[in-house]
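Single-letter residue listing:
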Amino acid sequence: MKTFFRRIQDAEFLPIGEVRKLKVILVMAFLLLITAATIPFSIYFAYPDYVTIIVLSSFVLVYGLMIALLRMNRVTASTQISIIYSIGLTLFYSQGTSSFYAYLFFYITLTIIIFYQDFLSYLSYGLLILALGIYYIISHQEGLALAVDVPGFMYIYIFTLVLFYLIFFAQILYNEKLHSDMNDDWVKMNQVIDKYHDDITTYLELLRKQAKREPLHEERVFQKLVGELAVFVAEQVKDKGKDIMNVFDLYLYVHERGIEKILENEEISVQMKRTADRLNHYLFNRRTDMYSMLINFSSRFLETEKYKPSRYEYHIQHLAQYHDEQLIAFVMIYQYLVREVCGVDAWDQMNKVLTIDEIDQLFKSPEIEAFFSPQLIALYFENRDLFISHFVSCLVEKGGTS
Amino acid sequence: MFMEIEDYREDLEIRHLRTKNHFVLALLTLMMILTLIYMLVSGFLLYHTLALLIGFLIVIMFNIAQLAYGKDIYQFYQLNKYITTMGVYALSIAIIFVFQSPSAITVLFIAYAISAFYQDLKVMFINNFLLLFSALMLMVNFSEYLNFQSSNTETEFGIAFFLVAFISILTISSFIIIKQKRFYYNQIALSRETEFRSIDLLIDLEEQNHQKRIDIDSYYKKAQDFFQEFSEILKLDNPFKERMGLLYMLEKNEPVNRILDRYPHYTKEDLERMEDLLIGGKHKLRKVAMKLGHTFTSEVGKAELFSEQQFKSFNHPNDALDVKILLFAVFYAALKRGIAGLPLADKAAMRRILTSTDYYYYVDPKVIDIYEKNSEVFDEICEDILGRKAER
């Protein structure tokens, strides 16, 4: 329970799938409470006893189904069923009583749908609830009014319900757009970070070879350490630690044979192939998620410069105030691009230097907008020959670039 | 988390706050128009209608003013959230008192929905408090507003119960939605910092492997020649000469006083600012150039979803528990064994990062709980196998 509350508290660190599951669990807890309260309330409803019993039993059954689906990790199905369950409860209340609290149920169900932040669900189920709500208001006016009420009170009920729906509709649309934009930024940034990690991994490999050390996964000491740690954890979690060694053997086997050969091998079971495929993302013989996570973790111990507002700023216009400074910055960056290594070459050696054609291509790409103003790029193309004669020709003479 | 990302995360939130403020302003205006139309058509007293109109106008004008000031001082955007939340509740309560009808009580839900648009934790707490306070106040002190024609104990209890239930689900919903939004801000801010540190690490490794640093003298010599010819083409006296000289002295780590003596019309602040224009060491311009080079060599393809597979962790929901256990063991062992070229982690810092930062959520809850409770056992296993040197 403590862990569960910690996960709610720190939901901002959890991936979307985990949060979705959390949401379903929270909604289910809420629905359990409401269903329990429905039993005493149902005594006052205008249903024959057998209908009440059938409906309440159906709720219990559907609740059981939700639990089963959640246990099977069918989060989307549980989500949909929890929404349908809420609509069922709303119908049960709204058809059973004309009290004001039944009207509140429409808001409660809308809030549950809003909670999932799924545009299509909100559009379909939300509209259904809205229609049912309006129908309820029109058909149960007497239960919602005071003896002497304001004229057209019914329109206020309808108007607030519709406005409530529309405000959250706008919010969900806005969130969809915002999340989609941030998602694009995040994915692009991660692709570039993966590229840095590719280069870092190549350099780490070079350093390892220079130090004449075995690859980490081939070191006996490392293998022994992994084995002991894994068995210890497995014994604590599952009371049985030996099976984990089979997975570790498979992990080493994927390093040795390569995933393609394992997948081609008909003697290996589908389950084992699936496990091997997952383990393939965490190998040590190339840049994988394992390397990326190790690099990210270790880089937390790097001493970096003190924080200043321009820390994550890469656009020259934001780094340099004046035009002459911007041009100086451009010239320096240009020199860097034509002279320095920026990745692995065609022979997988850390010697790749951009060619003039590649630089031209880069300056014409849409990504360049994140670094330079269009004026600077135009200035470059107008004076391209001057740039080449000063910064490239001499390197070509020395055999530095093409 | 990195301390450095806090400011950037806040900056990301502020960037979107202005748009949210526009939405809220539009909703307030719509609410004002509809309320006034209804009051005029239904024949409410004119001074009631005018009083509400003035109330709406005050909140709207205040909003517009804060938006205008917020362009220069972003704190006005922040202030606007709180003032508008309180303003919209004040207006809703005024509507309830003027209308004296249970139908008007539902205007409180509209107030909640409008304030929820900000998706801010502090606003959410104010919002919940105000909604709960208003609902309780009406039920206790103005129960005649809920005195329905068919009222009985069941109805009274039902209203109280479901109102509390509604506020509870609204609170839970708002809390998680806000947290979910912060997930995106976190990931973007975290990626920015990861990028910054990865470039730093890459510079270190590049220099270790190629055994060379950037040839500052050559860079400046060629740039000076370039600017000389460029100026001649434009028939100008070389306007870049002075700044190039100054930047060169900064690259060479010349004392600030000496630089200021030579270039007296520059200030210390100018020099600090111009440090971002240095190409040597780990200065900003070098990082821009490296990022540019890597942007070119990466294939930035079609954006994919924030899917589980995109998210680097040892806690993918479809992985078997054995896989999750093994991957954590491999990760931990690799950190303890150390990888030449990567900074080393000390024991206490490792435990702290694994148990109280985002890394806690990159590992299966069962596995990380075992580690949290038995970190000494983990360390003992490592020391036994790797020797005492593993204890850093």
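1. Description of the overall build of chain B
Now for step 1: Across its full length, chain B holds 16 helices and zero strands.
Now for step 2: Relative to a compact globule of 392 residues, whose C-alpha radius of gyration would be 21 Å, chain B shows 31 Å and is clearly more extended.
Now for step 3: Looking at chain B alone, contacts between residues at least 24 apart form 63% of all its contacts between residues at least 6 apart.

2. Topic: the overall build of chain A
Now for step 1: A tally of helices and strands in chain A yields 18 helices and zero strands.
Now for step 2: A compact globule built from 402 residues should have a C-alpha radius of gyration of about 21 Å, whereas chain A, at 32 Å, is more than 25% larger.
Now for step 3: Expressed along its principal axes, the backbone C-alpha trace of chain A runs to roughly 95 × 65 × 45 Å.
Now for step 4: For chain A, the residues scored as buried account for 38% of the 402 residues in total.

3. A look at the packing of helix α5 (residues 100-116) of chain A against helix α7 (residues 153-210) of chain B
Axes are the key here: two packed helices are described by the angle between their axes and the distance separating the axes.
Now for step 1: Close contact between α5(A) and α7(B) brings their axes to 9 Å; oriented N to C, the two are set at 10°. The orientation of α5(A) with respect to α7(B), classified from their angle, is roughly parallel. Across the interface between the two elements, A:Phe100, A:Tyr101, A:Leu104, A:Phe105, A:Tyr107, A:Ile108, A:Thr111, A:Ile112, A:Ile114 and A:Phe115 from α5(A) touch B:Thr155, B:Gly158, B:Ile159, B:Phe162, B:Leu163, B:Ala165, B:Phe166, B:Ile169, B:Leu170, B:Ser173 and B:Ile176 from α7(B).
Now for step 2: Classifying every residue of the contact of α5(A) with α7(B) gives 17 nonpolar, four polar and no charged.

4. Thoughts on the domain arrangement of chain A
Now for step 1: One can read the domain layout of chain A as domain 1 (2-182), domain 2 (214-299) and domain 3 (316-397).
Now for step 2: Between the C-alpha centres of domain 1 of chain A and domain 2 of chain A there is a distance of 45 Å.

5. Looking at the interface of chain B and chain A
Now for step 1: The interface of chain B with chain A comprises 140 residues on the first partner and 146 residues on the second.
Now for step 2: Looking at the side of chain B that touches chain A element by element, the count peaks at 38 residues for α7(B).
Now for step 3: When the residues that make up the side of chain B that touches chain A are grouped by side-chain class, the tally is 87 nonpolar, 26 polar and 27 charged.

6. Concerning the packing of helix α9 (residues 220-238) of chain A against helix α15 (residues 365-373) of chain B
Now for step 1: Look at α9(A) against α15(B): their axes get within 10 Å of each other, and the N-to-C directions meet at 110°. Considered as vectors, α9(A) and α15(B) are oriented roughly perpendicular to each other. Along this stretch, α9(A) crosses α15(B), giving a crossing that reads as right-handed. Residues A:Val233, A:Gln236 and A:Val237 of α9(A) pack against B:Lys366, B:Val367 and B:Ile370 of α15(B).
Now for step 2: Partitioned by chemical class, the residues of the contact of α9(A) with α15(B) number four nonpolar, one polar and one charged.

7. Section: the domain arrangement of chain B
Now for step 1: Assigned domains of chain B: these are domain 1 (5-176), domain 2 (216-281) and domain 3 (321-390).
Now for step 2: Of note, the centres of domain 2 of chain B and domain 3 of chain B, computed from C-alpha atoms alone, are 48 Å apart.

8. Describing α15(B)
Now for step 1: Of all the residues in α15(B), the buried ones are B:Val367, B:Ile368, B:Ile370 and B:Tyr371. One face of α15(B) carries all of its buried residues, which in axial projection span an arc of 155°.
Now for step 2: Of the surrounding elements, those touching the buried residues of α15(B) are α9 of chain A together with α13 (321-337), α14 (347-356) and α16 (375-386) of chain B.

9. A word on unusual backbone geometry
Now for step 1: Even without glycine at this site, A:Lys212 takes up a positive phi of about 55°.
Now for step 2: Structurally, the position occupied by A:Lys212 is in the loop between α8 (153-210) and α9.
Now for step 3: For B:Asn253, which is not a glycine, the phi torsion comes out positive at approximately 55°.
Now for step 4: By the element assignment, B:Asn253 lies in the loop between α9 (241-251) and α10 (256-262).

10. Overview of the confidence of the model for chain B
Residue and element names in this part refer to chain B.
Now for step 1: Averaged over all residues, the pLDDT of chain B is 87; the fraction at 70 or higher stands at 93%.
Now for step 2: Per-element averaging of pLDDT across chain B places helix α12 (residues 284-297) at the bottom with 86 and α13 at the top with 94.
Now for step 3: Note on the complex model: pTM 0.82, ipTM 0.82.

11. Looking at the environment of B:Arg351
Residue and element names in this part refer to chain B.
Now for step 1: Structurally, arginine 351 can be placed in helix α14.
Now for step 2: The exposure class assigned to arginine 351 is partly exposed, which follows from the 17 C-beta atoms found within 10 Å.
Now for step 3: C-alpha separation for the pair arginine 351 and glutamate 372, spaced 21 residues apart in sequence, amounts to 7.9 Å.

12. Brief notes about the environment of B:Leu131
All names here are of chain B.
Now for step 1: Relative to the assigned elements, leucine 131 resides in helix α6 (residues 121-141).
Now for step 2: Separated by 45 residues in sequence, leucine 131 and isoleucine 176 place their C-alpha atoms 18 Å apart.
Now for step 3: The residues contacting leucine 131, other than those within four sequence positions of it, are Leu108, Tyr112 and Ile167.

13. Some words on the environment of B:Pro255
Residues and elements named next belong to chain B.
Now for step 1: Positionally, proline 255 belongs in the loop between α9 and α10.
Now for step 2: Residue classification places proline 255 among the exposed positions, given that 9 C-beta atoms sit within 10 Å.
Now for step 3: Between the alpha carbons of proline 255 and threonine 355 there is a distance of 44 Å; along the sequence they are 100 residues apart.

Calculation notes
- Residues numbered from 1 in each chain as written.
- Chains lettered and ligands numbered in written order.
- Predicted model: local features only at pLDDT ≥ 70, side-chain atom pairs only at ≥ 80, totals over all residues.
- Helix = DSSP H or I, 4+ residues; strand = E, 2+ residues; numbered from the N terminus.
- Rg over C-alpha atoms; globule rule 2.2 N^0.38 Å.
- Contact = placed C-beta atoms within 7 Å.
- Buried ≥ 20, exposed ≤ 12 C-beta atoms within 10 Å, placed from the backbone.
- Axes fitted to C-alpha atoms, helices over the stretch in contact; angles between N-to-C directions.
- Parallel < 35°, antiparallel > 145°, perpendicular 65-115°, else oblique.
- Nonpolar A, V, L, I, M, F, W, Y, C, P; charged D, E, K, R; others polar.
- Domains from an automatic or database assignment.
- Left-handed = near helix turned anticlockwise from the far one by under 90°.
- Arc of directions from axis to C-beta.
- pLDDT = per-residue confidence, 0-100.

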